[in-house]
Amino acid sequence: MTTDGPNRGGRRGPSRTLVLPQTLSVKHLSELVDQSPVDVIKQLMRNGIMVSMNQVINHEVAALVTAAYGIRTRVAEPVAEKGALVGAAIRSGNGFEEDTALALRPPVVTILGHVDHGKTSLLDSIRNAHVADREIGGITQHIGAYQVDYQDQKITFLDTPGHEAFTSIRSRGARVTDIAVLVVAADDGIMPQTEEAIDHARAAEVPIVVAINKMDLPGADPERVKRQLSQHNLLVEDWGGDIISVPVSARTGEGIDDLLENLLVVAEIAELKANPTSPASGVIIEAKLDRKRGPTATVLVQSGTLGVGDYVVAGTSWGRVKAITNDRGRIVKEVVPGAPAELLGFGSLPEAGDLMAVLPTERMARSIVHDRERLKSTQQSQVRALTLEEVVKQIDAGDIKELNLVLKADVQGSVEAVRQSLERLTDAEARVRILHAGSGNVTESDVLLASASNAIIVAFSVGEEMGVERVADRMGVEIRHYGIIYQLIDDVEQALHGMLEPTFTDVILGQAEVREIFPSRRNVKIAGCRVIEGRIVRGAAIRVMREGKTLEETGINSLRHFRDEVNEITNGMDCGILLTDFNDFELGDILQAHRQERSQR
Ligand code: GDP
């Protein structure tokens with residue numbers, strides 16, 4: 001599979017439909033959509049569905065994954081009726097059928113760039129020039145996305161600019177953006193967030209069009225911007241490359257039409273198509289609770305046509321569409337692919353980035369939401385970081401040929417040093433792909449990028465920004481910290497060659513002193529203790545110590561606070577401890593709770 005170039009990320013040709021069997025294994029599905037099983041499992045996890053590679057899922061669940069990859073699907077007839085035929089079709093080919101029902105759809109564009117370079121102004125300027133609703137009574141509504149008409153064609157713009165929003169939606173499993181417009185202020189040039197934006201667009205394999213903004217300013221220097229772009233491997237056309245760059249001014253409106261025209265050219269090359277006749281699917285762009293109207297959600301329809309009365313599911317919300325408003329504040333009956341609209345009818349608030357699907361009956365909508373909720377509550381705790389060792393095991397298993405990394409280091413000099421050493425590790429078997437490298441602490445945007453691209457974050461001599469560790473935990477992203485370059489390189493190298501064993505350190509959680517001994521049943525004694533340091537946790541291992549020496553290594557059978565069985569007792573509190581296989585307590589014994597934790601170097 002080619003990984004560079006626009007829109008290649010495993011998408012099939014746009015003119016075909018994948019025929020999904022009624023049921024299939026996760027592995028089979030991953031082959032059909034040309035993605036690694038890990039990617040598919042992650043997609044399902046984002047929908048609250050926990051499965052293993054060989055587990056069999058039904059076609060509805062599979063369709064959640066295919067929708068995320070922008071692949072149109074149809075379900076095969078039940079095996080009993082047409083089994084032999086369908087089976088043969090899927091075995092012989094790649095599962096796709098030609099489709100003549102596909103029609104061109106508008107491109108969806110996101111605007112990225114450094115703060116204050118004019119992203120919002122550009123969005124406003126485009127909207128004012130081309131949406132100014134000439135019909136009486138039309139009002140421009142901000143619903144999270146809007147469409148412009150240009151030369152009888154439509155272009156959809158997402159109204160939340162910036163790579164954080166872009167990658168955040170992507171990390172939820174949705175592919176929304178077809179083209180990224182990179183705004184660079186002509187008087188300022190490429191800045192740190194411009195670099196981040198470039199990396200985020202690249203990681204998403206979305207084509208970039210550069211808008212060199214603020215051309216009205218006397219200090220505008222577009223040539224300098226082009227030179228800087230070339231240093232980031234973005235060669236614009238007059239530098240002999242194929243990146244389109246358009247000089248614009250959001251203030252005067254100069255170049256805006258030229259930009260739109262170029263977006264249409266890029267869209268035409270990408271041949272963006274969707275079937276307007278199938279049941280709709282799309283992505284939630286925004287959702288809010290309206291005091292009078294209840295939950296409202298802006299959806300971008302990606303395939304099919306959404307109509308009033310449809311049963312919709314998004315994440316763990318479902319509902320029946322009561323009313324649809326378009327981006328110009330008009331009540332409409334339906335929404336076609338590529339268009340945004342605000343829906344009324346969800347029973348609860350879906351989340352931005354949730355995939356939306358239409359289901360044939362209320363019962364199915366309810367039951368999918370019910371299943372997702374159940375899985376979410378029972379298995380939430382199992383969503384955890386894909387560690388470096390695990391990622392690499394998959395490399396060994398042939399599932400991933402690339403190790404994606406996000407690299408953060410203290411100063412630019414060490415960023416470059418580490419980057420070069422890491423890139424040298426690429427060999428015939430595996431490739432190190434650095435999605436983003438930058439100086440400074442690990443940020444939320446780094447975590448989003450890593451999550452959206454199955455990457456590990458390696459941090460050299462830097463920490464995390466506030467709250468980032470929690471986000472990483474929640475999103476299942478591993479951040480590995482290093483203070484010595486060669487250890488970082490060594491770990492990644494060993495990992496690539498499958499030799500990295502996790503190292504563990506023994507962490508002492510707390511200590512309790514035995515102050516009373518209660519006989520319980522025959523030969524069984526309970527130690528009445530006071531916690532004198534840290535905490536005693538039920539799942540922890542216990543070391544019984546007497547006069548500084550370890551007598552026994554064992555575990556906790558029962559941990560009580562008065563009569564109640566508890567999970568944890570903290571410093572200063574009394575408790576009763578019953579150990580597994582140890583009863584010979586003496587007053588003054590110390591029970592030390594400890595645990596093996598994975599350590600990093
Ligand atoms: P964002 O942070 O990228 O969304 O940037 P804004 O759209 O908020 O713009 C930042 C500042 O630059 C504002 O004061 C704008 O008025 C100004 N600005 C944006 N575009 C232009 C432009 O084309 N020319 C000039 N002179 N100023 C601009």
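Residues numbered from 1 in each chain as written. Predicted model: local features only at pLDDT ≥ 70, side-chain atom pairs only at ≥ 80, totals over all residues. Heavy atoms only, no water.

Secondary structure summary: the protein contains 15 helices and 34 strands in total. Taking all 601 residues of the protein together, the buried fraction comes to 51%. Counted over contacts in the protein with a minimum sequence separation of 6, partners at least 24 positions apart contribute 72%. Summing over all exposed atoms, the protein offers an accessible surface of approximately 27800 Å²; the carbon and sulfur share of this is 49%. (Helix = DSSP H or I, 4+ residues; strand = E, 2+ residues; numbered from the N terminus. Buried < 20%, exposed > 50% of the residue type's maximum accessible area, 1.4 Å probe, protein only. Contact = heavy atoms within 4.5 Å. Areas by Shrake-Rupley, 256 points an atom, 1.4 Å probe, with all protein chains shown as cover.)

Inspection of the region around the ligand gives 15 residues, with Asp116, Lys119, Thr120, Ser121 and Asp216 positioned closest. Lys214 has a polar side-chain atom sitting 3.0 Å from an oxygen atom of the ligand. Burial of the ligand by the protein chains amounts to 76% of its free accessible area of 580 Å². Ranked by residues supplied to the shell around the ligand, first place goes to helix α5 (residues 119-131) with three residues. Looking at the shell around the ligand residue by residue, the classes come out as three nonpolar, seven polar and five charged. (Near = heavy atom within 4 Å. Polar contact = N/O pair within 3.5 Å; in protein donor to acceptor, adjacent residues only side chain to side chain. Nonpolar A, V, L, I, M, F, W, Y, C, P; charged D, E, K, R; others polar.)

Residues Leu122, Ile126, Ile155, Phe157, Val181, Leu259 and Leu263 are the most contacted members of the largest nonpolar core, which totals 27 residues. Ranked by the residues each element gives to this core, the list is headed by helix α9 (residues 256-270), at seven residues. (Core = buried A, V, L, I, M, F, W, Y, C linked by side-chain atoms within 4.5 Å.)

The subject of this paragraph is the sheet that holds strand β9 (residues 153-158). Adjacent strands of a sheet pair through backbone hydrogen bonds, lying either parallel or antiparallel. An order of β8-β9-β7-β10-β11-β12 is seen for the six strands of this open sheet, with the pairing classed as mixed. Bordering the open sheet on either side are β8 (145-150) and β12 (244-247), each of which pairs with just one other strand. Averaged over all adjacent pairs, the angle separating strand axes in this sheet is 30°, with direction ignored. Alignment of strand β10 (residues 179-185) against strand β11 (residues 208-213), held across six bridges, turns out to be parallel. Residue pairing in the sheet places Val181 in a bridge with Val209 of β11. Against the sheet, helix α8 (residues 222-231) touches β10, β11 and β12, its axis set at about 150° to β11. The strands touched by α9 within the sheet are β7 (108-113), β8, β9, β10, β11 and β12, with β9 carrying the most contacts at an inclination of about 100°. (Pairing = 2+ DSSP bridges. Axes fitted to C-alpha atoms, helices over the stretch in contact; angles between N-to-C directions.)

Judged by pairing direction, the sheet is parallel, and its four strands sit side by side in the order β24-β23-β25-β26 without closing on themselves. In this open sheet, the two strands that pair with only one neighbour each are β24 (431-439) and β26 (479-482). Averaged over all pairs of adjacent strands, the angle between strand axes in this sheet comes to 25°, irrespective of strand direction. Where strand β25 (residues 456-460) and β26 come together, four bridges link them in parallel fashion. Counted as the bridge partner of Val458 is Arg480 from β26. Along the sheet, helix α13 (residues 444-452) makes contact with β23 (402-409), β24, β25 and β26, crossing β23 at roughly 175°. Lying over the sheet, helix α15 (residues 485-496) contacts β23, β24, β25 and β26, oriented at roughly 135° with respect to β26.

Moving on: the pattern of salt bridges. Applying the stated criterion to the full structure yields 26 salt bridges. Residue Asp238 pairs with Lys226 through a salt bridge whose shortest N-O separation is 2.9 Å. With Asp238 in the loop between α8 and β12 and Lys226 in helix α8, the pair connects residues that are 12 residues apart, well separated along the chain. For Arg530, the salt bridge identified is with Asp574, shortest N-O distance 2.7 Å. Here the residue Arg530 occupies a position in strand β28 (residues 525-537), and Asp574 occupies one in strand β33 (residues 574-579), the gap between them amounting to 44 residues. On the accessibility criterion, Asp574 (38% relative accessible area) is partly exposed. Ionic contacts of the salt-bridge type, sharing partners, join the residues Glu286, Lys288, Asp290, Arg293 and Glu342 into one network. (Salt bridge = Lys/Arg side-chain N within 4 Å of Asp/Glu carboxyl O.)

This paragraph deals with helix α2 (residues 37-46). Most of α2 is tucked away: seven of the 10 residues are buried. Looking only at α2, the buried set comprises Pro37, Val38, Val40, Ile41, Lys42, Gln43 and Leu44.

Counted according to the given criterion, the structure contains two aromatic pairs. Here the aromatic rings of Phe582 and Phe585 are separated by 5.3 Å at their centres, their planes lie at 75°, and the arrangement is edge-to-face. When sorted by exposure, Phe582 lands in the same class as Phe585, which is buried. (Phe/Tyr/Trp six-rings, centres within 6.5 Å; stacked < 30°, edge-to-face > 60°.)

Contact geometry for helix α6 (residues 163-171) and helix α7 (residues 192-203): axes closest at 10 Å, N-to-C directions at 25°. One element, α6, and the other, α7, form an angle in the roughly parallel class. Viewed along their axes, α6 and α7 form a crossing whose handedness is left-handed. Taken together, the residues of α7 that come into contact with α6 (itself represented by His163, Phe166, Thr167 and Arg170) are Gln193, Glu196, Ala197, His200, Ala201 and Ala203. Looking at the contact of α6 with α7, its residues break down into four nonpolar, four polar and two charged. (Parallel < 35°, antiparallel > 145°, perpendicular 65-115°, else oblique. Left-handed = near helix turned anticlockwise from the far one by under 90°.)

This part is about the confidence of the model for the protein. Confidence in the prediction of the protein, expressed as mean pLDDT, is 83, and 84% of residues score 70 or more. Model confidence for the protein, summarised as mean pLDDT per element, is weakest for helix α4 (residues 79-92) at 30 and strongest for β11 at 98. Note that residues 379-384 has pLDDT below 50 and, in this model, eight contacts with residues that lie over four places away or in other chains. (pLDDT = per-residue confidence, 0-100.)

Attention now moves to the packing of α2 against helix α3 (residues 59-68). At a minimum axis separation of 10 Å, α2 and α3 run at an interaxial angle of 110°. Taken together, the axes of α2 and α3 are roughly perpendicular relative to one another. Contacts between α2 and α3 involve Val40, Gln43 and Leu44 from the first element and Val61, Val65 and Ala68 from the second. In the contact of α2 with α3, the residues fall into five nonpolar, one polar and no charged.

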